[in-house]
Amino acid sequence: MNDSSPRLSFEFFPTRTAEGKEKLLTVRNQLNAFAPDFFSVTYGAGGSTRENTKGVITSLREAGIAAAPHLSFGGDDEETILQLLREYKDMGVERIVALRGDVPSGIGGTYQLVYANELVAFIRKHFGDDFHLEVAAYPEIHPQAKSYSDDVRYLKGKFDAGANSAITQYFFNPDSYFYFIDQCQKQGITQPIYPGIMPILNYRNLTRFSDTCGAEIPRWLRKALENYGDDEASMRSFGIDLVTELCEVLLENDAPGLHFYTMNQTEPTAQIVTNLGLIPTE
Ligand code: FAD
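Keep in mind that this is a model prediction, so the values were computed, not measured. Along every chain, residues carry numbers that run from 1 in the direction the sequence is written. Local features in a predicted model are, by the rule used here, given only for residues with pLDDT of at least 70; side-chain atom pairs are given and counted only at 80 or more, and totals for whole chains, interfaces and linings are based on all residues.

1. Quick notes on the overall build of the chain
So, point 1. For the chain, the count of helices and strands is 10 helices and 8 strands.
So, point 2. Here the globule rule reads 2.2 Å times residues to the power 0.38, and the radius of gyration is calculated from C-alpha atoms. Taking 19 Å as the expected radius of gyration for a compact globule of 282 residues, we find that the chain reaches 18 Å, a close match to that expectation.
So, point 3. Principal-axis analysis of the C-alpha atoms gives the chain an extent of 50 × 45 × 45 Å.
So, point 4. By the convention adopted here, residues are in contact when the distance between their C-beta atoms, placed from the backbone, does not exceed 7 Å. At a minimum sequence separation of 6, the contacts of the chain that also span at least 24 residues come to 81%. Under the DSSP-based scheme used, a helix requires at least four consecutive residues in state H or I and a strand at least two consecutive residues in state E, with every element numbered from the N terminus.

2. Here's the deal with the site of the ligand
So, point 1. For each residue, a C-beta atom is placed from the backbone, and the residue counts as near a molecule or strand when that atom lies within 6 Å of it. In the neighbourhood of the ligand, 24 residues make up the surrounding shell, with T42, H70, R100, A116 and A136 lying closest.
So, point 2. For the shell around the ligand, the secondary-structure elements that each account for two or more residues are α4 (116-127), α5 (148-160) and β6 (165-170).
So, point 3. It is α5 that provides the largest number of residues to the shell around the ligand, a total of 5 residues.
So, point 4. Of the residues belonging to the shell around the ligand, the class tally is 10 nonpolar, 9 polar and 5 charged. Gly counts as polar in this scheme, as do all residues outside two lists: the nonpolar Ala, Val, Leu, Ile, Met, Phe, Trp, Tyr, Cys and Pro, and the charged Asp, Glu, Lys and Arg.

3. Considering the nonpolar core
So, point 1. Structurally, a nonpolar core is described as a collection of buried Ala, Val, Leu, Ile, Met, Phe, Trp, Tyr and Cys residues joined by way of C-beta atoms within 7 Å. Put plainly, a residue is buried at 20 or more neighbouring C-beta atoms within 10 Å of its own, exposed at 12 or fewer, and partly exposed in between, counting only other residues' C-beta atoms, which are placed from the backbone. By size, the foremost hydrophobic cluster in this structure holds 72 residues, and its most contacted members are A98, V120, V135 and A166.
So, point 2. No other element matches helix α9 (residues 232-252), which puts 5 residues into this core.
So, point 3. Contact partners of V120, with chain neighbours within four places excluded, come to A98, L133, V135, K158, A161, G162 and A163.

4. Side note on the environment of G20
So, point 1. For G20, the location among the structural elements is in helix α1 (residues 18-32).
So, point 2. The exposure class assigned to G20 is partly exposed, which follows from the 13 C-beta atoms found within 10 Å.
So, point 3. Taking C-alpha positions, G20 is 9.2 Å from N264, a pair spaced 244 residues apart along the chain.

5. Looking at the pairing of strand β3 (residues 67-71)
Regular strands place side chains that alternate from one sheet face to the opposite one.
So, point 1. Counted residue by residue, β3 has 5 buried out of 5 residues, so it is predominantly covered.
So, point 2. When DSSP locates at least two bridges between a pair of strands, those strands are taken to pair. Bridge analysis of strand β2 (residues 38-41) against β3 gives 3 bridges, and the strand direction is parallel. The partner of F39 across the bridge, within β3, is A67.
So, point 3. What joins β2 to β3 is helix α2 (residues 50-62), and the crossover it makes is right-handed.
So, point 4. As paired strands, β3 and strand β4 (residues 95-98) are joined by 2 bridges and run parallel to one another. Directly across from H70, in β4, lies its bridge partner V97. Orient the strands so they point away from the viewer, and a crossover whose first-strand-to-second-strand path over the helix runs clockwise is right-handed.

6. A look at the sheet that holds β3
So, point 1. Spatial ordering of the closed barrel is given by β1-β2-β3-β4-β5-β6-β7-β8, a layout of 8 strands whose pairing is parallel. Neighbour to neighbour, the strand axes of the sheet diverge by 25° on average, direction disregarded.
So, point 2. Bridge analysis of strand β5 (residues 132-137) against β6 gives 4 bridges, and the strand direction is parallel. Residue pairing in the sheet places A136 in a bridge with I167 of β6. Between N-to-C directions, angles cover 0 to 180 degrees, with each direction set by a line fitted to C-alpha atoms, over the stretch in contact for helices.

7. Overview of the pairing of β2
So, point 1. Burial of the side chains of β2 extends over both faces: F38 and S40 are buried on one face and F39 and V41 on the other.
So, point 2. When strand β1 (residues 7-12) meets β2, the two strands line up parallel, connected through 4 bridges. Its bridge partner being in β2, F12 is matched across the sheet by V41.
So, point 3. For the segment spanning β1, α1 and β2, crossover handedness is right-handed.

Set out below in structure tokens:
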């Protein structure tokens, strides 16, 4: 990739089993061939994956690959989070995806979430500019937001607290991203907002997840995907074309890069990136 190439990043979630870890190494090596700017690794609600997230980050760093752990306070105290950040810094981690996270399922009503802007301010206070801080953004608006303008205002709050850039929740309607960028700019946000891209792997999982995270699958797309029934191969092929076109529209209209929710699979992310011609020149 040269400097003018769009930024490219791939997201993993940490796996628990030895088999899953082994598979993730293969996927990582295959996707690393595209010379991404970094891999990010999610963090379970309430810190439930703390050790596993750290494990994947350690393995990426040992291979000399840029790695960005996701992080939220969850139920942890400041010292626990500071210790984790110190460990990341010692490993050479230069980027953190700072989040509020969600209340873990099965936990009662006293659980206090720490807003992402507070985590950003906390990291800046203790580590200065040691980390590039990414935050989450929602072109179709966070499901708990009181209003569109509130959500944009809170995103601005994350940048004001010291975030450098944002990665969006996935979406299938590029207009939602373009309108959101306009609204963010009107609120004085100048930092880059990278679209999050969800390859289409499994219709049932996609609809279930989209319903909870507030990402819309347009009715026509639901119907088109339903139409494939059990023909997963054809559905995936349709999904690759659809998501490739979405990425093309985004990049042609000045999206600064793409962040892929790989779901720990090489395909279809690798195929989409290949279709886009985002292949290292070396
Ligand atoms: P915040 O920015 O804190 O916002 C949460 C809600 O509160 C919004 O409705 C917002 O409008 C409102 N709000 C924000 N600030 C304030 C404030 N100061 N006062 C009052 N209201 C406020 N989840 C995980 O569990 N693990 C992950 O690794 C993970 N990675 C993610 C990566 C990306 C790129 C994205 C887009 C999401 C990710 N999530 C992850 C999901 C995320 O944790 C949830 O969407 C969560 O509900 C909100 O997190 P946030 O950081 O956006 O929260």
